2 protein chains.
Amino acid sequence: MTERLQKVLDYIDAHREEYIEELCRLCRQPSLAGTGEGIPETIELVREQIRKIGVEPELIPTDGNPVIYAELEGESDRVYGCYDHYDVQPVDPIDQWESDPFAAEIRDGVIYARGVADNKDGLMTRICAVDAWKKACGTLPCHVKFVFEGEEEIGSPNLRAFADAHPDLIQCDGYVWEGGEKEKDGPCEVTMGVKGLLYVYMKVKTAPRDAHSMYAAIAPNPAWRLIHALASMKNEKGEILIDGFYDDIIPPSETDLSYLDADPFNPEGIREYLGVGAFIGGETDKKKLLYDLYFRPTCNICGFTSGFQGDGSKTVLPSEASVKIDFRLVPGMDPDHIFDLVRAHLDRHGFTDVELIKGSGEPAFRSNLEAPFTKAIINGLEKLYNHPVALKVSSGGTSPMHAFCHKADIPAGMFGASSATANIHAPNEHLACDAFIEMIKINCAVMEELSQY
Amino acid sequence: MTERLQKVLDYIDAHREEYIEELCRLCRQPSLAGTGEGIPETIELVREQIRKIGVEPELIPTDGNPVIYAELEGESDRVYGCYDHYDVQPVDPIDQWESDPFAAEIRDGVIYARGVADNKDGLMTRICAVDAWKKACGTLPCHVKFVFEGEEEIGSPNLRAFADAHPDLIQCDGYVWEGGEKEKDGPCEVTMGVKGLLYVYMKVKTAPRDAHSMYAAIAPNPAWRLIHALASMKNEKGEILIDGFYDDIIPPSETDLSYLDADPFNPEGIREYLGVGAFIGGETDKKKLLYDLYFRPTCNICGFTSGFQGDGSKTVLPSEASVKIDFRLVPGMDPDHIFDLVRAHLDRHGFTDVELIKGSGEPAFRSNLEAPFTKAIINGLEKLYNHPVALKVSSGGTSPMHAFCHKADIPAGMFGASSATANIHAPNEHLACDAFIEMIKINCAVMEELSQY
């Protein structure tokens, strides 16, 4: 721990209440990308908070909500990039909240608010970290860039176009990326990659309206049709049967695999959290489960709807059947290409009547684990905690890292202090005040480490 | 046409308005078996109408709504049985009705009311036919039995127990059975059998709640599980793969098949009515389609539900998947046995985790086409219309004929005057006043014919 970092951390402790109040203030402002509610007001509030740390943020237009962008000068040439978002999830089901989701009520040292753990906390920790460095030391240890988007919760539809239009602005040594978790007594987790995603809608429509089920003897049933199409795509063993699906996969490296042992993933804990009797195939081996979670693509049915949805019985021949599927992709897989393979598979198997619609797509991304930024995260955090970090080479989930990071091979890491049980996207989203303060410190420690490379 | 029948038909024409008013009165009284609304009042109203034709009806208790039963003496020993129901379908969606479903509003000679075509019309035609015979001729040509149940629209759950407990009461030469259609300028259709039915619910539950879809890489997906179970039960060609499913089928006789040629079924008309591009396998041959409709069992998905049902995308691993299936059965197939075969199939294919729940079951039924009652229907109607009837050896649908008719081999026939487009079970259910009056006459003609055998 350097002396100047210690000064910064002390400053943070001394201004704890002020930082918490700033976070609560931001959380009291709704910012729903879906409806647009509060977006302009939130932008103004974030700009005001950035101005307070001594820089005028730019508002960069996109086809949707603008990106709030700022650059701050520091001592070293290294650039610490921050990707966060100022929009939040909707509040439904509102009746399950114990306090107004935009009241930012603090109970027993925990702030309850929509967005407090996803991701207004992250956004504010970057601003507070800069503030603490400047106030405590008069300067920043490295350059800092803020890229705060406003549409993450609706799938970042304009982020790639933004990144492609502004390669200079997004350039940096690495991104501290929204998300990341640390349990109270657990190791600090650092996630250096994400799976990709392809969302598709499949639909079979055979008639304008449902009919009496006696006609099932002679008229086509769209649910059966879709079931046979789906069964042709994936077998009972879980193998995906779409020709070429696995062809472009870049398998994990020996280095990637070497991190599985130390991964804090706890099979029994996750099994209990999910409430499933067993994992697929009764698997219990941690490394095998992690391999599937990080390195194997999925073809998952998110929803299936056809015919009568009510209670009890109704004898009906449905007119329509539809399914929503998400494919989680691994490096090497291109969402657009996978979509083409699904279409080709359906056609080849005679399912030309099955409509296939493309939803959002995101390639997977893995950070270069040898990059200075990656090392700065690991070493900075290990010095701060005096304990090895738990490095995850990938998340099982998806985030648009690829859009920012792939072309220039910029590493991105997720690390934070909120809990896996913070109820993000759910009622009573919350964050402990202590965790928020810890997260500001984590940012400061990584900035300090990066400045020394 | 006998002289006395002509007198009866003339009487009906002379008292047309009175009969229509009695039907409207009954239709103004709600009688919803599902909720119980208006059931006691409807029973009293029907009893009052039966008392007016000179007999005190019995109310025979069941485990549900009681059966209204009455016997009327006639000249010949033949017994004309009438099976109808006094309950009606729910009115939802109520906002699509152009007039109050219980107002029985008459517009352009058409009565609009819930139950007016299913089956308060049928029930009233039996009462009016007896009334007309008695008033016009002072006596009935044959004995008449009314068996009016009150739970048909919820699947007649207590009808078989009633029939088994009262074999003497249900004995007769044959039943005129609720249902039956005749288009305005079409031939009189007579349907002498029904397909059976087995309704089942299949369910897979893997977790107490939905999870983030990244876990699809390691945790089971109930929708996929159910899809593979279903795909094992029926192939793309529509062949049902459940071991033993087809074993007990009694194939149609040469006589059964001989009626297909004259069946008024119009493939192109039905295809347009259903709104499908083509029948299964592109079949256009009338006899082949009718063979499937009457003589082939089905395994039809009525509804499939799993995971996210809303608009747009949600990346979720569902916790549950469920499907509702109706099997339409043909003679020889026992619903309970078929249920056991489905369970055995699932177990044999490793789907022991798929829950299977039995819903309602009804065996198929076919009337003896050589029985006096069958001949009375055919000959009576041909004499009335001076045109051959269109005899259908089976409906593609199901009705609980088996419960009443199987043990004593009593024939049952459906014939009526309402249209296939009468919106039964739908908003704006309706019946032309002319059709109702015609239906009273049809009953009288068949009673007259039966009395002569």
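The rules behind each value
- Residues numbered from 1 in each chain as written.
- Chains lettered and ligands numbered in written order.
- Predicted model: local features only at pLDDT ≥ 70, side-chain atom pairs only at ≥ 80, totals over all residues.
- Heavy atoms only, no water.
- Helix = DSSP H or I, 4+ residues; strand = E, 2+ residues; numbered from the N terminus.
- Rg over C-alpha atoms; globule rule 2.2 N^0.38 Å.
- Buried < 20%, exposed > 50% of the residue type's maximum accessible area, 1.4 Å probe, protein only.
- Contact = heavy atoms within 4.5 Å.
- Areas by Shrake-Rupley, 256 points an atom, 1.4 Å probe, with all protein chains shown as cover.
- Buried area = accessible area lost by both parts, 1.4 Å probe.
- Salt bridge = Lys/Arg side-chain N within 4 Å of Asp/Glu carboxyl O.
- Polar contact = N/O pair within 3.5 Å; in protein donor to acceptor, adjacent residues only side chain to side chain.
- Nonpolar A, V, L, I, M, F, W, Y, C, P; charged D, E, K, R; others polar.
- Axes fitted to C-alpha atoms, helices over the stretch in contact; angles between N-to-C directions.
- Parallel < 35°, antiparallel > 145°, perpendicular 65-115°, else oblique.
- Pairing = 2+ DSSP bridges.
- Patch = residues over 30% accessible without salt bridge, like charges linked within 9 Å, V, L, I, M, F, W, Y side chains within 5 Å.
- Lys, Arg positive; Asp, Glu negative; His and termini not counted.
- Charge placed at Lys NZ, Arg CZ, Asp CG, Glu CD.
- Expected span 1.5 Å × (residues − 1).
- Phe/Tyr/Trp six-rings, centres within 6.5 Å; stacked < 30°, edge-to-face > 60°.
- Lys NZ or Arg CZ within 6 Å of the ring centre and 35° of its normal.

Student: Would you mind going over the overall build of chain A with me for this structure?
Tutor: For chain A, the count of helices and strands is 14 helices and 19 strands. In terms of overall size, chain A behaves like a compact globule, its C-alpha atoms giving a radius of gyration of 24 Å where 453 residues would be expected to give roughly 22 Å. A principal-axis box enclosing the C-alpha atoms of chain A has dimensions of 80 × 50 × 45 Å. Buried residues in chain A amount to 59% of all 453 residues. Relative to all contacts within chain A whose residues are 6 or more apart in sequence, the contacts with residues 24 or more apart total 80%. Surface exposure of chain A reaches about 17,300 Å², of which carbon and sulfur atoms provide 49%.

Student: Even after reading the chapter, I still don't get the interface of chain B and chain A, so can you show me in this structure?
Tutor: A common way to express how large an interface is: the accessible area buried when the components associate. Contact residues are listed per partner, giving 71 residues for chain B and 71 residues for chain A. Summed over both sides, the interface between chain B and chain A buries roughly 5,500 Å², with carbon and sulfur atoms accounting for 62% of that surface. In terms of surface lost to chain A, no three residues of chain B exceed Ile218(B), Trp224(B) and Leu274(B), which account for 14% of the buried area on that side. At the surface where chain B touches chain A, the tally comes to zero salt bridges. In this structure, the connection of chain B to chain A is made through 34 residue pairs in polar contact (both at pLDDT 80 or more). When residues of the side of chain B that touches chain A are traced back to their parent elements, those giving at least two are strand E10 (196-205), strand E11 (211-212), helix H7 (222-231), helix H9 (267-274), helix H10 (286-295), strand E12 (300-307), strand E13 (316-317) and strand E14 (320-329) of chain B. For the side of chain B that touches chain A, the leading source of residues is E12(B), giving eight residues. For the side of chain B that touches chain A, the class distribution of residues is 37 nonpolar, 23 polar and 11 charged.

Student: How should I be thinking about the packing of helix H2 (residues 16-27) of chain A against helix H14 (residues 433-451) of chain A in this particular structure?
Tutor: A packed helix pair is summarised by two numbers, namely the angle formed by the two axes and the spacing between the axes. Residue and element names in this part refer to chain A. Where H2 contacts H14, the axes come no closer than 10 Å and their chain directions differ by 100°. On the basis of their axis angle, the class for H2 and H14 is roughly perpendicular. In this structure, H2 uses Arg-16, Tyr-19, Ile-20 and Leu-23 to contact H14, whose residues at the interface are Cys-433, Asp-434, Phe-436, Ile-437 and Ile-440. In terms of residue class, the contact of H2 with H14 is built from seven nonpolar, no polar and two charged.

Student: I'm lost on the pattern of salt bridges in this one. Help?
Tutor: Pairing of side chains with opposite charge becomes possible as their charged atoms draw close. Across all of its chains, the model carries 70 salt bridges over all chains by this definition. Linking Arg107(B) and Glu105(B) is a salt bridge whose minimum nitrogen-to-oxygen distance equals 3.1 Å. Residue classification places Arg107(B) among the partly exposed positions, given a relative accessible area of 21%. Residue class for Glu105(B) comes out partly exposed when judged on its relative accessible area of 34%. Each of Glu22(A), Arg25(A), Glu48(A) and Lys52(A) takes part in a single network of salt bridges with overlapping partners.

Student: Sorry, what's going on with the environment of Gly36(A) here?
Tutor: With respect to the helices and strands, Gly36(A) occurs in the loop between H2 and helix H3 (39-52). With relative accessibility at 31%, the residue Gly36(A) sits in the partly exposed group.

Student: How do you make sense of unusual backbone geometry when you look at a structure like this?
Tutor: Glycine aside, a negative phi is what most residues show, and trans is what most peptide bonds show. Residues and elements named next belong to chain A. In this chain, Asp-92 is followed by Pro-93 through a cis amide linkage whose omega measures -5°. Its location among the elements puts Pro-93 in the loop between strand E3 (79-85) and strand E4 (105-107). Looking along the chain, the bond that leaves Asp-118 and enters Asn-119 is cis, with omega of 10°. Residue placement: Asn-119 occurs in the loop between strand E5 (110-112) and helix H4 (120-137). For Asn-386, which is not glycine, the phi torsion reads 55° and is therefore positive.

Student: Please explain the sheet that holds strand E2 (residues 67-72) of chain A as it appears in this structure.
Tutor: Pairing between the strands of a sheet comes from backbone hydrogen bonds, and it takes one of two forms, parallel or antiparallel. Residues and elements named next belong to chain A. With respect to topology, six strands assemble into an open sheet ordered E1-E2-E6-E3-E7-E18, the strand pairing being mixed. Edge strands, defined here as strands with exactly one partner in the open sheet, are strand E1 (58-60) and strand E18 (412-413). Here two bridges tie strand E7 (residues 174-177) to E18, and the two strands are oriented parallel to one another. Paired with Tyr-175 across the bridge in E18 is Ala-412. Against the sheet, helix H12 (residues 372-385) makes contact with E3, E7 and E18, and its axis sits at roughly 45° relative to E7, the strand it touches most.

Student: Honestly, the environment of Asp173(A) in this entry has me stumped. Any pointers?
Tutor: Residues and elements named next belong to chain A. Of note, Asp-173 is situated in the loop between helix H6 (167-170) and E7. Since its relative accessible area comes to 18%, Asp-173 is described here as buried. Along the chain, Asp-173 and Thr-374 lie 201 residues apart, while their C-alpha atoms are 9.2 Å from each other. Only 2.8 Å separates the side chain of Asp-173 from the side chain of Arg-78, close enough to count as a polar contact. From its side chain, Asp-173 meets the backbone nitrogen of Val-79 in a polar contact 2.7 Å long.

Student: What should I look at first to understand a negative patch on the surface in this one?
Tutor: On the surface, Glu58(A), Glu71(A), Glu73(A) and Asp168(A) cluster together to form a negatively charged patch. Mapped onto the secondary structure, Asp168(A) falls in helix H6.

Student: Quick question: what am I supposed to make of helix H12 (residues 372-385) of chain B here?
Tutor: Note: α-helices contain 3.6 residues per turn, so residues at a spacing of three or four share the same orientation. Residues and elements named next belong to chain B. With 14 residues, H12 ought to run about 20 Å at 1.5 Å a step, and its terminal C-alpha atoms sit 20 Å apart, in line with that. For H12, the set of buried residues is Phe-373, Thr-374, Ala-376, Ile-377, Ile-378, Gly-380 and Leu-381. Positioned one or two residues after H12, Asn-386 has a phi angle of 55°, which is positive.

Student: Looking at this model, I keep getting lost on the packing of aromatic side chains. Mind explaining?
Tutor: One pair of aromatic rings is described through two measures. These are the centre distance and the angle between the planes. All names here are of chain A. Per the counting criterion, the structure on display carries 29 aromatic pairs over all chains. Seen from their ring centres, Trp-177 and Phe-404 are 5.7 Å apart, and the 85° between their planes marks the pair as edge-to-face. One end of the pair, Trp-177, is in strand E7; the other, Phe-404, is in helix H13 (residues 401-405), and 227 residues separate them in sequence. Just as Trp-177 is buried, Phe-404 falls in that class too. By way of ring pairs, the aromatic residues Tyr-83, Phe-162, Tyr-175, Trp-177 and Phe-404 are connected into one cluster. It is Arg-107 that lies over the ring of Tyr-112; its NZ or CZ is 3.9 Å from the centre.

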